[in-house]
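# Examining the three-dimensional arrangement
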2 protein chains.
Amino acid sequence: MKHKIITISRQFGSGGRTIGKKLAEQLSIPCYDAELVEKLAQQSGFQAEYVAEHGEYRPHSSWLANAFSSGTTGNFPTNQDYLWEIQRRIILELAEKSACIIVGRCADYILRDHADCLTVFIHASMAYRADRIVRVYGEREEAPEKRLKNKDKRRSAYYRYYTDMEWGDCLNYHLALDSGVLGIDRCASLIASVYEGEVSPKER
Amino acid sequence: MKHKIITISRQFGSGGRTIGKKLAEQLSIPCYDAELVEKLAQQSGFQAEYVAEHGEYRPHSSWLANAFSSGTTGNFPTNQDYLWEIQRRIILELAEKSACIIVGRCADYILRDHADCLTVFIHASMAYRADRIVRVYGEREEAPEKRLKNKDKRRSAYYRYYTDMEWGDCLNYHLALDSGVLGIDRCASLIASVYEGEVSPKER
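Source: prediction; values computed, not measured.

What follows covers the overall build of chain A. From N to C terminus, chain A includes ten helices and five strands. Burial statistics for chain A: of 204 residues in total, 53% are counted as buried. Entry remark: accessible area of chain A is about 9400 Å², with carbon and sulfur atoms responsible for 50%.

Written as structure tokens, this is what we have:
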């Protein structure tokens, strides 16, 4: 793997995906987000909705986790393990192919040994994200705070399960930004300025 | 409090203090680090060495914590609580007086309700920091990794004790940067570019 990659991990509603798309335009490199879901659906045979849900979130409860494991017990791989393995391979192939941006899906962990991978975490306050998901996604079904907490919890559990690391721990990212305070455009331009410079240490 | 402040929390050896000094030059505002220790020594009556040690680190063990509490038991304030209170007041006064940079000492927490406070966390890998403290400070007494782990652990415990928050959790900082990967100069210029723009949210 010899291309410069940016991975963006993000809290739900923080604008990580939008930042990825803006960055892709600024840097003229592809950004994989929904495109990853499509590839994963094609290669796994599962429907895109199923992949979007199970390629990044742990199931709601242990009861569901068991049901979800297709009735297997013990150490047999679950559907989610199967998706994880295909997802891992797709991400490694993308990183091999060209410079790109990858949003979510533990790409920071999967590419951790990649010398030129810039790992980014985007987060924002609950109030900012709640306001934003209602405006951007028009989400109304349940209280936005409840939905955000649930999404964060399950993404965090998924990340911990497959990486053994803590989601959102500063130490795992080269750059962690509060999009609510800095603004989405400034986040994109900060990341671009780092990417366009040298990623490796220049001086100490 | 109406001035723009930057607080820099940092892992030991990550160059947070150097970044603070560089930023101070670039932005032409004061940076308080050792200066804070001096002020604290003057106002508390303790020696500067004592203040440097106990104004940011929890004692080594619970036995020491008790000894350190001057023999008091129950809920009586310890020397460290007394230092914390003076430190808190000094930081609030500095933020009231003029725009500035404050390194360490839970300033991010103390100024959390300050509208124009940009909170930064600087970290780096153990290998980078171990190499750096030997080069910069010429530290040789014990294995640098051991010293770093001890310092991190005690700073983190101090932070948790007085703030009830997790030191190094991305969510507590607007900007968290890996100085080992980005380089100290780039960290300073990234922070300066955010500071010189608007800190408050511009668009969502």
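To continue, consider the packing of helix 10 (residues 184-196) of chain A against helix 10 (residues 184-196) of chain B. When two helices pack together, you describe them by how their axes are tilted relative to each other and by the distance separating the axes. Here helix 10 of chain A crosses helix 10 of chain B at 160°, and the two axes come no closer than 11 Å. Accordingly, the angle class assigned to the pair helix 10 of chain A and helix 10 of chain B is roughly antiparallel. Along this stretch, helix 10 of chain A crosses helix 10 of chain B, giving a crossing that reads as right-handed. Contacts from Arg186(A), Leu190(A), Ser193(A) and Val194(A) of helix 10 of chain A reach helix 10 of chain B at Arg186(B), Leu190(B), Ser193(B) and Val194(B). Looking at the contact of helix 10 of chain A with helix 10 of chain B residue by residue, the class counts come to four nonpolar, two polar and two charged.

This structure, assessed with the given rule, holds twelve aromatic pairs over all chains. Ring centres of Phe121(A) and Trp167(A) lie 5.5 Å apart, and the angle between their planes is 85°; on these two criteria the pair is classed as edge-to-face. Of this pair, Phe121(A) sits in strand 4 (residues 117-123) while Trp167(A) sits in the loop between helix 8 (144-163) and strand 5 (175-178); the two residues are 46 residues apart in sequence, bridging distant segments of the chain. For Phe121(A), a relative accessible area of 1% gives the class buried. Ring plane angle 80° and centroid distance 4.8 Å describe the contact between Tyr161(A) and Tyr162(A), whose orientation is recorded as edge-to-face. Put simply, the rings of Trp84(A), Tyr158(A), Tyr161(A) and Tyr162(A) pair up and form one aromatic cluster. Directly above the aromatic system of Tyr109(A) lies the positively charged group of Arg112(A), at a separation of 4.0 Å from the ring centroid. Looking at Lys4(B), its charged tip hangs above the ring of Tyr195(B), at a distance of 5.0 Å from the centre.

Attention now moves to the interface of chain A and chain B. Opposite the 35 residues of chain A that make contact, chain B presents 35 residues. Of the roughly 2800 Å² buried at the junction of chain A and chain B (both faces included), carbon and sulfur atoms supply 55%. One can count zero salt bridges joining chain A with chain B. Broken down by secondary-structure element, the contributors of at least two residues to the side of chain A that touches chain B are strand 4, helix 7 (126-137), strand 5, helix 9 (179-182) and helix 10 of chain A. Per-element accounting of the side of chain A that touches chain B gives the leading share, six residues, to helix 10 of chain A. Its residues assigned to classes, the side of chain A that touches chain B comprises 16 nonpolar, nine polar and ten charged. Where strand 5 of chain A lies against strand 5 (residues 175-178) of chain B, three bridges are found, and the strand directions are antiparallel. Looking at strand 5 of chain B, one finds that Leu175(A) is bridged to Leu177(B).

One open sheet holds the ten strands; their spatial order is 2(A)-3(A)-1(A)-4(A)-5(A)-5(B)-4(B)-1(B)-3(B)-2(B), and the pairing between them is mixed. A single partner strand is all that each edge strand has here, and the edge strands are strand 2 (31-32) of chain A together with strand 2 (31-32) of chain B.

Another aspect to go through is the relation of the copies chain A and chain B. Between chain A and chain B, which share one sequence, the superposing operator has a rotation angle of 180° and an axial displacement of 0.0 Å; the RMSD is 0.0 Å. The transformation relating the two chain copies, once decomposed into turn and shift, fits a two-fold axis. Interface residue correspondence from chain A to chain B reaches 100%, placing this contact among same-surface, isologous pairings.

This part is about the confidence of the model for chain A. Residue and element names in this part refer to chain A. Taken residue by residue, chain A gives an average pLDDT of 81. The fraction at 70 or more is 84%. Mean pLDDT per element in chain A: helix 4 (residues 62-68) is the minimum at 49, and strand 5 is the maximum at 96. Throughout residues 66-73 the model reports pLDDT below 50, and contacts reaching past four residues in sequence, or to other chains, amount to nine contacts. Counting contacts from residues 199-204, a segment whose pLDDT is below 50, to residues more than four positions away or on other chains yields 19 contacts. Both scores are given for the predicted complex: the pTM is 0.84, the ipTM 0.82.

Cut-offs and rules
Residues numbered from 1 in each chain as written. Chains lettered and ligands numbered in written order. Predicted model: local features only at pLDDT ≥ 70, side-chain atom pairs only at ≥ 80, totals over all residues. Heavy atoms only, no water. Helix = DSSP H or I, 4+ residues; strand = E, 2+ residues; numbered from the N terminus. Buried < 20%, exposed > 50% of the residue type's maximum accessible area, 1.4 Å probe, protein only. Areas by Shrake-Rupley, 256 points an atom, 1.4 Å probe, with all protein chains shown as cover. Axes fitted to C-alpha atoms, helices over the stretch in contact; angles between N-to-C directions. Parallel < 35°, antiparallel > 145°, perpendicular 65-115°, else oblique. Left-handed = near helix turned anticlockwise from the far one by under 90°. Contact = heavy atoms within 4.5 Å. Nonpolar A, V, L, I, M, F, W, Y, C, P; charged D, E, K, R; others polar. Phe/Tyr/Trp six-rings, centres within 6.5 Å; stacked < 30°, edge-to-face > 60°. Lys NZ or Arg CZ within 6 Å of the ring centre and 35° of its normal. Buried area = accessible area lost by both parts, 1.4 Å probe. Salt bridge = Lys/Arg side-chain N within 4 Å of Asp/Glu carboxyl O. Pairing = 2+ DSSP bridges. Least-squares fit on C-alpha atoms with pLDDT ≥ 70 in both. pLDDT = per-residue confidence, 0-100.

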